[in-house]
Amino acid sequence: MKICSFLLLFLLYLRLLDTHAQTTYVTVGGDTVKVGEVATMTCSYTLEAGDVLNQLVWFRAEDDGSTVGANPLVSLVETSNGRYSLSNNKDLMIRTVEVNDAGNYLCRILTQNVQIADDYDQFIVQYLETPVVTPAQLSAKMDETAQFSTVPVGFPTPIIITWIKDDVELDVSNMQKYPNSDATLTINNVNETDAGVYKCRAENAAYMGEEGKLSNTVELITVAEFTTTSISSKSTIILSTEGPKSEGVCNSTGLVVGMTFVGVLIGFILCLLVGFIIISKIRKSNPKVPTSKNTNQSGQQEYMTYVGETDKETNHTYQDLQKKEDNQAVYVNVKAKKDKK
């Protein structure tokens, strides 16, 4: 009899506990999508028997489950808010997902019996930014080291970087030539064949193959030095396989040829000038005596001119005008020759 009474009291106690137990709860399901896609955060809930859902709201949440701000994203009252909307199943829809949408989201319900329950979960955004390679143009002398670099950004990691030269994937298997070929490309012992256009392709688990991101293009210019005596002791040649840059190479070559031509022309002019001066001095040292004519009263008589011998005592030179007929001589513009005693 006592045992039966004890069992009856125990069953009544359990029934009382079940009556006061809270049977309202919420379960949120997270999501993982790429940038630009549509995300869905699910919210399922269970109410006590006879209770009715009065309100449902969605918040952004901290890692500890506390809400971010006092204003909900969407609710049963306001089912649309920009890129956020509430589906017929009370799920949170996020259109055109952005990177900063990643984080925690909380669903909270309020029942007619003033029961409150909530839950939250994480929303993951997968993305991959377009890599940027620097520097945009790099000049390197022969046998020097050239280096391009980029900073890959995205999720999930790791991010794989593949380097491309002149639209062909670069073979970086030679570790001595390419000691680094991930986020930084290092090229040792630069030579003419290294000149060209470079870029890289970034990939991760969410963006592979054609979905990978191609970087901007950059250029490597190889520089060779040579010695010349016509213009300067040292000049520089820029070698490049890039089409648009060939104009600069032609300009440099044209400058060298032009300076050489100017130097030769100046030398030729100087030689002519020196020759002219020498010839002038020679002409002054041996003056020409013009042909003279003498006219007398009886008529014109023509004379021949010549330069006579120099008198050793007076150091005078006599000029004779000789008639053709009788060979008479006339002395002009000279002092008389002294008679010897």
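About the cut-offs
- Residues numbered from 1 in each chain as written.
- Predicted model: local features only at pLDDT ≥ 70, side-chain atom pairs only at ≥ 80, totals over all residues.
- Heavy atoms only, no water.
- Core = buried A, V, L, I, M, F, W, Y, C linked by side-chain atoms within 4.5 Å.
- Buried < 20%, exposed > 50% of the residue type's maximum accessible area, 1.4 Å probe, protein only.
- Helix = DSSP H or I, 4+ residues; strand = E, 2+ residues; numbered from the N terminus.
- Pairing = 2+ DSSP bridges.
- Salt bridge = Lys/Arg side-chain N within 4 Å of Asp/Glu carboxyl O.
- Disulfide = S-S within 2.5 Å.
- Polar contact = N/O pair within 3.5 Å; in protein donor to acceptor, adjacent residues only side chain to side chain.
- Contact = heavy atoms within 4.5 Å.

Enquirer: Help me understand the nonpolar core in this model?
Expert: Soluble globular proteins tend to pack their nonpolar side chains together in the buried interior. Formed by 22 residues in total, the largest nonpolar core has its most connected members in Trp-58, Leu-92, Ile-94, Tyr-105 and Phe-123. Contributions of two or more residues to this core are made by β1 (25–29), β3 (39–46), β4 (53–61), β7 (84–86), β8 (92–94), β9 (103–111) and β10 (116–128). Formed by 21 residues, the second largest nonpolar core is a distinct cluster that contains Leu-185, Val-190, Cys-200 and Leu-220.

Enquirer: Looking at this model, I keep getting lost on the sheet that holds β7. Mind explaining?
Expert: Hydrogen bonds along the backbone pair up the strands of a sheet, which may run parallel or antiparallel. Taken in spatial order, the five strands line up as β1-β3-β8-β7-β6 in an open sheet, and their pairing is antiparallel. Each edge of the sheet is formed by a strand with only one pairing partner; in this case those strands are β1 and β6 (80–81). Bridge count between β1 and β3: five bridges; the pairing is antiparallel. From the neighbouring strand, Tyr-25 faces β3, where its bridge partner is Thr-46.

Enquirer: Any chance you could explain the pattern of salt bridges here in plain terms?
Expert: Pairs can form between side chains of opposite charge once their charged atoms are near each other. Using the criterion set out here, one finds eight salt bridges in the structure. Residue Asp-101 pairs with Arg-83 through a salt bridge whose shortest N-O separation is 2.8 Å. Here Asp-101, found in the loop between β8 and β9, pairs with Arg-83, found in the loop between β6 and β7; they are 18 residues apart in sequence, far enough to count as distant. Given the relative accessible area of 24%, Arg-83 is considered partly exposed. Linking Asp-118 and Arg-108 is a salt bridge whose minimum nitrogen-to-oxygen distance equals 3.0 Å. Linking Asp-118 in strand β10 with Arg-108 in strand β9, this pair joins segments that are ten residues apart in sequence. Classification of Asp-118 as partly exposed rests on a relative accessible area of 35%.

Enquirer: Quick question: what am I supposed to make of the state of the cysteines here?
Expert: Here, disulfide denotes a covalent bond that connects the sulfur atoms of two cysteines. As enumerated under the stated definition, the model contains one disulfide in all. Two residues share a disulfide in this structure: Cys-43 and Cys-107, whose sulfurs sit 2.1 Å from each other. Classification of the bridge connecting Cys-43 and Cys-107 rests on its S-S torsion, roughly -75°, and on that basis the disulfide is left-handed. Placement of Cys-43 in strand β3 and of Cys-107 in strand β9 is noted, with a sequence separation of 64 residues between them. Take Cys-43 and Cys-107: they sit in the same class, and that class is buried.

Enquirer: Just checking my understanding: could you explain the side chain of Lys-165 for this structure?
Expert: Note on placement: Lys-165 falls in strand β14 (residues 160–165). A distance of 3.4 Å separates a polar atom in the side chain of Lys-165 from the backbone oxygen of Thr-193. The residues contacting Lys-165, other than those within four sequence positions of it, are Leu-170, Thr-193, Asp-194, Ala-195, Val-197 and Tyr-198.

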